[in-house]
Amino acid sequence: MKVVCLQGSHKRNGNTSTILGWVEQALQEAGHEVAHVHMAEKTIGGCIGCYRCQQDPDELICSVQDDGNALLETIAGADALIYATPLYCWDFSGQMKPLLDRHLSFVTGFTDPASHKSHLEGKTAGLLVTCGGPEGEGNTDCISTIWERMASFAKLDPVHQLIVPNCMDPKNLGEEQQEMAKQFAAKIAG
């Protein structure tokens, strides 16, 4: 299985990167191909609302000319996707948000359930979130809702969310978080 991991933190050695690294290692040890994308190294502008992507349901196209187009193709070619982000103001990081907006390119006919198609339909997907505070209402509930709606819109199979609370320093991450990462990888692998 080919798994594309989208790392949405600007920090290469931060909490999100550390935990995602454990997930990637577990997937590789299980024999899966893993592609790591560090979003901070990509130039990806947001959706401009031109709807060029909606003209042909069989064509994956976006009018914005930047690193996003190649990344959309990479994502479409994956068997499974992991969206990894630190929690920023109850939401995805700024590095991840433009790509999520560009997910419109994957979907056509979304206003009519009978015509709703997606280039991502049925792909396994997981959300990994690190946050400085607790998990739950008032902190991580918004990103969970956004994730569920985005996965439904893109017709992804959202197999699991891993929310790791109280991440203040990657030096404080240990066996408990590493075990959480391994379990998350196992759910992604099915």
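Up top is the structure.
Residues numbered from 1 in each chain as written. Predicted model: local features only at pLDDT ≥ 70, side-chain atom pairs only at ≥ 80, totals over all residues. Heavy atoms only, no water.

S.K.: How do you make sense of empty space enclosed by the protein when you look at a structure like this?
M.R.: What the rule picks out here adds up to 1 cavity of 30 Å³ or more. Computed from the structure, the largest cavity encloses a volume of approximately 90 Å³. Along its surface, the largest cavity is lined by 14 residues, and C47, C50, C53, C62 and S105 are the ones closest to its centre. Broken down by class, the residue content of the lining of the largest cavity amounts to 8 nonpolar, 3 polar and 3 charged. (1 Å grid on protein atoms, 1.4 Å probe; cavity = no way out; pocket = protein on both sides within 12 Å on 5 of 7 lines; lining within 4 Å. Points joined across faces, edges and corners; volume = space filled by probe spheres on them. Nonpolar A, V, L, I, M, F, W, Y, C, P; charged D, E, K, R; others polar.)

S.K.: How should the pattern of salt bridges be read in this particular structure?
M.R.: Side-chain pairs of opposite charge can arise whenever the charged atoms involved come near each other. Under the criterion given, the structure shown has 5 salt bridges. Across the salt bridge formed by E41 and R12, the nearest N and O atoms sit 2.1 Å from each other. Of this pair, E41 sits in the loop between strand 2 (33-38) and helix 2 (67-76) while R12 sits in the loop between strand 1 (2-7) and helix 1 (15-29), and the two are 29 residues apart along the sequence. For R12, a relative accessible area of 46% gives the class partly exposed. (Salt bridge = Lys/Arg side-chain N within 4 Å of Asp/Glu carboxyl O. Helix = DSSP H or I, 4+ residues; strand = E, 2+ residues; numbered from the N terminus. Buried < 20%, exposed > 50% of the residue type's maximum accessible area, 1.4 Å probe, protein only.)

S.K.: Quick question: what am I supposed to make of the nonpolar core here?
M.R.: A general feature of soluble globular proteins is that nonpolar side chains tend to end up buried together. Counting residues in hydrophobic clusters, the biggest one holds 33 residues, and the most contacted among them are L6, L71, I75, L81, Y83, L99 and L156. Looking at this core, the elements that each hand over two or more residues are strand 1, helix 2, strand 3 (80-86), helix 3 (97-101), strand 6 (124-130) and helix 4 (141-153). It is helix 4 that contributes the most residues to this core, 4 residues altogether. For L156, the residues in contact, after removing those within four places along its chain, are L81, Y83, L120, K123, A125, M150 and A151. (Core = buried A, V, L, I, M, F, W, Y, C linked by side-chain atoms within 4.5 Å. Contact = heavy atoms within 4.5 Å.)

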